[in-house]
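Here's the letter readout for the chains.
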Amino acid sequence: QVQLVESGGGLVQAGGSLRLSCAASGRTFDIYRMGWFRQAPGKEREFVSAITSSDGRTNYADSVKGRFTISRDGAKNTVYLQMNSLKPEDMAVYYCAAKRFGTREYDYWGQGTQVTVSS
């Protein structure tokens, strides 16, 4: 019903920047909120940021506030995560997720994109 494809991951030096993209297709009109999550080896998956599709309201994890910015392009059904001042602690697989209207959980997930931060 909804497909999510992430892109933009790669290797970056500490202090550098990277922009992740998530393109949604299918029944995109059902999407209420889109978010980014990440999971590092040996750690639980954690919330990074989210944005409401209708009004652009945003939310950030404390660990990335002031460094990461989430944005959206409604016409393209795409969300972005601009990551600045990257730290080794940011190294993880980043996943895009979408929540439908009327559901509690995020319903759709992308395949993930690897972000590697070298020091």
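Residues numbered from 1 in each chain as written. Predicted model: local features only at pLDDT ≥ 70, side-chain atom pairs only at ≥ 80, totals over all residues. Heavy atoms only, no water.

What about the state of the cysteines?
Under the criterion given, the structure shown has one disulfide. Paired by a disulfide, Cys-22 and Cys-96 hold their sulfur atoms 2.0 Å apart. Looking along the S-S bond of the Cys-22-Cys-96 disulfide, the torsion reads about -80°, which is the left-handed sense. Of this pair, Cys-22 sits in strand β3 (residues 18–26) while Cys-96 is found in strand β9 (residues 92–100), placing the two residues 74 residues apart along the sequence. Here Cys-22 and Cys-96 have matching classes, each one buried. (Disulfide = S-S within 2.5 Å. Helix = DSSP H or I, 4+ residues; strand = E, 2+ residues; numbered from the N terminus. Buried < 20%, exposed > 50% of the residue type's maximum accessible area, 1.4 Å probe, protein only.)

Regarding the packing of aromatic side chains
Scanning all chains against the criterion turns up five aromatic pairs. Members of the aromatic cluster, joined through ring pairs, are Phe-37, Phe-47, Tyr-106 and Trp-109. Sitting over the ring of Tyr-95, Arg-45 keeps its end group 4.1 Å from the ring centre. Above the face of the Tyr-106 ring, Lys-99 is positioned so that its terminal group lies 4.9 Å from the ring centre. (Phe/Tyr/Trp six-rings, centres within 6.5 Å; stacked < 30°, edge-to-face > 60°. Lys NZ or Arg CZ within 6 Å of the ring centre and 35° of its normal.)

Some words on the sheet that holds β3
As a general point, the strands of a sheet are linked pairwise by backbone hydrogen bonds and lie either parallel or antiparallel. If you trace the four strands from one edge of the open sheet to the other, you get β1-β3-β8-β7, paired in antiparallel fashion. Bordering the open sheet on either side are β1 (2–7) and β7 (68–73), each of which pairs with just one other strand. Each strand of the sheet is rotated relative to its neighbour by a mean of 15°, with strand direction disregarded. Both β1 and β3 contribute to a ladder of six bridges, which runs antiparallel. Each residue of the ladder has a partner; that of Gln-3, found in β3, is Ser-25. (Pairing = 2+ DSSP bridges. Axes fitted to C-alpha atoms, helices over the stretch in contact; angles between N-to-C directions.)

A word on the side chain of Thr-78
Topologically, Thr-78 is positioned in strand β8 (residues 78–83). On the basis of relative accessible area, Thr-78 is assigned to the buried category, the value being 10%. Only 2.9 Å separates the side chain of Thr-78 from the backbone oxygen of Lys-76, close enough to count as a polar contact. Ignoring sequence-local partners within four residues, the contact set of Thr-78 consists of Cys-22, Ala-23, Ser-71, Arg-72 and Asp-73. (Polar contact = N/O pair within 3.5 Å; in protein donor to acceptor, adjacent residues only side chain to side chain. Contact = heavy atoms within 4.5 Å.)

So yeah, pure geometry; function would need other evidence.
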